[in-house]
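Structural overview for review
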Amino acid sequence: SRSGNFVTLASGLPGDEDALFIRASSRVLATTLSNGQALSFTLGKHRKGYLVVAYGHATVNGITVNERDGLAISDTETLEIQSLDDKTEIILVDTH
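By convention here, each chain's residues receive numbers from 1 onward along its written sequence. Totals for whole chains, interfaces and linings use all residues, but because this is a predicted model, local features are given only for residues with pLDDT of at least 70 and pairs of side-chain atoms are given and counted only at 80 or more. Working from all heavy atoms in the structure, the side-chain values ignore hydrogens and water.

What follows covers the overall build of the protein chain. By the criteria applied, helices consist of DSSP H or I runs no shorter than four residues and strands consist of E runs no shorter than two, each listed in order from the N terminus. The number of helices and strands found in the protein chain is zero helices and ten strands. For the protein chain, the succession of helices and strands along the chain, N to C, is β-β-β-β-β-β-β-β-β-β. The globule rule used for comparison is 2.2 Å times the number of residues to the exponent 0.38, while the radius of gyration itself is calculated over C-alpha atoms. What you see for the protein chain is a C-alpha radius of gyration of 13 Å, in line with the 12 Å of a compact globule of 96 residues. Viewed in the frame of its principal axes, the protein chain has a C-alpha envelope of about 35 × 30 × 20 Å. Within the protein chain, the fraction of its 96 residues that count as buried is 39%. We call two residues in contact whenever any of their non-hydrogen atoms come within 4.5 Å of each other. Within the protein chain, contacts between residues at least 6 apart in sequence are counted, and of these 60% link residues at least 24 apart. Only protein chains enter the accessibility calculation, which uses a 1.4 Å probe. A residue is then buried if its area is under 20% of the maximum for its type, exposed if over 50%, and partly exposed in between.

Given below as structure tokens:
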């Protein structure tokens, strides 16, 4: 279940064998959060991320991200994500 947790949809990284295989040192993750629900994700300082709020609104490290907005992420160890709506769907790409 991806409710409250990131689920890996596609990946080229070791340990993600249950996900759709891609030929990249990356992974695509998704989660669904309810209002006020928070989730942390360790990206790693030397990796990059691209986060899209597909549905709803959220804050990411204190930055408000609206529905269909994208957030390019670099030089960030951990993402602190909190839903601002009853249902918030988030897609995250974790890459180099």
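Before going further, it helps to spend a moment on the sheet that holds strand β10 (residues 88-95). Here, strands pair whenever DSSP counts at least two bridges between them. What the six strands build is an open sheet, ordered β2-β1-β3-β10-β5-β8; its pairing is mixed. Here the strands that pair on one side only, and so sit at the sheet edges, are β2 (20-21) and β8 (70-73). The pairing of strand β5 (residues 48-55) with β8 spans four bridges and is antiparallel. Pairing of Val52 across the sheet is with Gly70, part of β8.

To continue, consider the pattern of salt bridges. Every case where a carboxyl oxygen of Asp or Glu lies within 4 Å of a side-chain nitrogen of Lys or Arg is listed as a salt bridge. Counted by the stated rule, this structure contains four salt bridges. For Arg27, the salt bridge goes to Asp94, with nearest N and O atoms at 3.2 Å. Placement of Arg27 in strand β3 (residues 27-33) and of Asp94 in strand β10 is noted, with a sequence separation of 67 residues between them. Each of the two residues, Arg27 as well as Asp94, counts as buried. A salt bridge links Asp94 to Arg47; its shortest N-O distance comes to 2.6 Å. Residue Asp94 is located in strand β10, and its partner Arg47 is located in the loop between β4 (38-42) and β5; the two are separated by 47 residues in the primary sequence. Taking relative accessible area as the criterion, Asp94 reaches 2% and is therefore assigned buried. Here the salt bridges share partners, and the residues they tie into one network are Asp16, Arg27, Arg47 and Asp94.

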